[in-house]
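# Reading the structure
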Amino acid sequence: YRELHTFELQAPTRLIEWARGSRVCVAGYEQSGGNEILQLIPPPRLQAKETQGLCPERDFKVECGGFSKRPVYSLKHMPDTSLLVTSGPPDSSVQVWQVSAEDSDVIKSVGTIVTENSTGQPWAKIATISARVPCVLHGSTLDSVQITEVELRKNVYTAASQDSEELSGLAFLDSSTVLLCCARGRLCVADVRQPQRPAQAVPVPAVPHGERWCMGTLCAAQSSGMGSQPVARLSSRGLVTLTDLRKASEPLALAQARVPSPSSGAEFLCVSWAPALQGCLAVSGFDGTVHVYDTQSWDSSGREAEPTFVHKGHALGGVGGSEDPPLVTAHTWHLQKPRTVLSAASDGSLHVWDWVQP
C-alpha cells in the first residue's frame, strides 16, 4: 500500500458517496430502523502529495449526520446542492435530505418522492446529474422509471415501457440519454426528450440465465456520451462483460473475475470504472476483498483475469469474535486521485486506500 486509512462505524454500512468539498457520505442498511446517515471529512493526510505510509488511526471526522427510519440501500448527492437522495425498502419511494449549514451538524429529512403503485415494488435505484435544475433518475422496474425535479417534486419524465422487469441499476449517459440495466443482464437506452417512446433494448450478446447482474458506467459529468467508455456488467458468478454501446452486438471483452464463489443474493455486487485510470475497474460484493483489474488486455475469450491489486483489509481486519467474515458492501473511486478507492464492509469498517503501482 501507499496509504491505508481506516474508520470504524457504529453499524454495517452499505454505500459510499462523494459530496461537496470531497466530503464522504455513508449510510446504514439494517432493517431494525434508526440507520445513520453521516457526512465525513476525509483525513487531511489523504490529500497530501507525499507518501504517508500506513495510517491505522480513526482519522475521518464526522461533520454532520441524521437518522433514517428505513434501511438505506442507495444514496446519491445532488450535484451543486446541499441535498441528498436515498432509497430503500419497503417500497420504491425516494427520500430527500438536507445537509444543514455550517452552524448545524444535522442532516434532516425534507420530503419524499412517491411513485405511482410503489407499494410492493422493489426499492428504487437512483442516479443524479449536474444540471440547471437538480433532478433525480429513479425506478425499480422498466415501467416505473421517472425523472423528478427534486426541489419541486415535479415529474419531468416517465418511461413509456410496458415491461415490468426488475432493474439492478440506471445511469445518465448525458443530459438527454439514460441507460437502464435489468437484473437479468439486459441493457436498455431511453431518450428523455421523447417520453412517449419506450426504452430501446440494446442488442447485446446473450448472457447466462439464472444469474443476477449489475452495471458500472462513468457518471455523466465524467463522460461525453455513449462512446466515451464501455459499459461494464458483473454477474453473480463473477463474469464481467464490457460493451461498446455504439457497436453493442459485437462483444468487446469478456472475462471471469477471480472470485471465491458465486454470490448467492447478489445484494452487494458492485463494479465501477476508475475515473482517472484508463481501462481500470474494481469488483466487489463476493467476500471481504476488492479486486482491481486492468481491462486493456482483455479479449472475448472469457478467461479468468489476473487482478492488478486485491484489497484484503476488510477480510483481515474484521471485528474479533464475529461468526461471519466481513463482506464488502460497497466501494467507490476517488474522483481525482487515480488509484485511491474507498470501501465499506458489513462489520462497519470504512477503508480508503491507495496501492503502489507494480
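Rules used in this analysis
- Residues numbered from 1 in each chain as written.
- Predicted model: local features only at pLDDT ≥ 70, side-chain atom pairs only at ≥ 80, totals over all residues.
- Heavy atoms only, no water.
- Helix = DSSP H or I, 4+ residues; strand = E, 2+ residues; numbered from the N terminus.
- Buried < 20%, exposed > 50% of the residue type's maximum accessible area, 1.4 Å probe, protein only.
- Areas by Shrake-Rupley, 256 points an atom, 1.4 Å probe, with all protein chains shown as cover.
- Contact = heavy atoms within 4.5 Å.
- Pairing = 2+ DSSP bridges.
- Phe/Tyr/Trp six-rings, centres within 6.5 Å; stacked < 30°, edge-to-face > 60°.
- Salt bridge = Lys/Arg side-chain N within 4 Å of Asp/Glu carboxyl O.
- Axes fitted to C-alpha atoms, helices over the stretch in contact; angles between N-to-C directions.

### Some points on the overall build of the protein
What the protein contains, in helices and strands, is one helix and 29 strands. A total of 358 residues make up the protein; the buried ones form 56% of that total. Of the roughly 16000 Å² of accessible surface on the protein, 48% is carried by carbon and sulfur atoms.

### Details of the environment of Val96
Here Val96 shows up in strand β9 (residues 94-99). Counting along the chain gives 57 residues from Val96 to Arg153, while the straight-line C-alpha distance between them is 9.8 Å. What Val96 contacts, discounting residues up to four positions off in sequence, is Leu83, Leu84, Val85, Lys108, Ser109, Val110, Gly111, Ile113, Val150 and Arg153.

### Brief notes about the pairing of strand β1 (residues 3-8)
Counting buried positions along β1 yields five of six residues, so the element is predominantly enclosed. The pairing of β1 with strand β29 (residues 349-354) spans six bridges and is classified as antiparallel. Bridging across to β29, Phe7 finds its partner in Leu350.

### Some thoughts on the packing of aromatic side chains
Two aromatic rings, taken as a pair, are described by how far apart their centres are and by the angle between their planes. Enumeration according to the criterion identifies nine aromatic pairs in this entry. When the centroid spacing of 5.3 Å and the interplanar angle of 85 degrees are considered together, the rings of Tyr1 and Phe309 count as edge-to-face. On the criterion of sequence distance, the pair formed by Tyr1 in the segment before β1 and Phe309 in strand β26 (residues 309-311) is long-range, its members being 308 residues apart. The exposure class of Tyr1 is partly exposed, given its relative accessible area of 43%.

### A look at the pattern of salt bridges
Overall, the coordinates contain 14 salt bridges when judged by the stated rule. Between Arg186 and Asp163 there is a salt bridge, and its shortest N-O distance comes to 2.7 Å. Linking Arg186 in the loop between β16 (177-182) and β17 (187-191) with Asp163 in the loop between β14 (154-158) and β15 (167-174), this pair joins segments that are 23 residues apart in sequence. The exposure class assigned to Asp163 is partly exposed, which follows from its relative accessible area of 29%. With its nearest N and O atoms 3.2 Å apart, the salt bridge here joins Glu304 to Arg258. With Glu304 in the loop between β25 (290-294) and β26 and Arg258 in the loop between β22 (253-256) and β23 (270-273), the pair connects residues that are 46 residues apart, well separated along the chain. The exposure class assigned to Arg258 is partly exposed, which follows from its relative accessible area of 34%. Where salt bridges share partners, they join Asp163, Glu165, Arg184 and Arg186 into one cluster.

### So, the sheet that holds strand β7 (residues 74-77)
With respect to topology, four strands assemble into an open sheet ordered β7-β8-β9-β10, the strand pairing being antiparallel. What marks the edges here is a single partner per strand, and that holds for β7 and β10 (107-113). Strand-to-strand twist across the sheet, computed as the mean angle between neighbouring axes with direction ignored, equals 25 degrees. Relative to β9, strand β8 (residues 83-87) is paired through five bridges, and the arrangement is antiparallel. Its bridge partner being in β9, Leu84 is matched across the sheet by Trp97.

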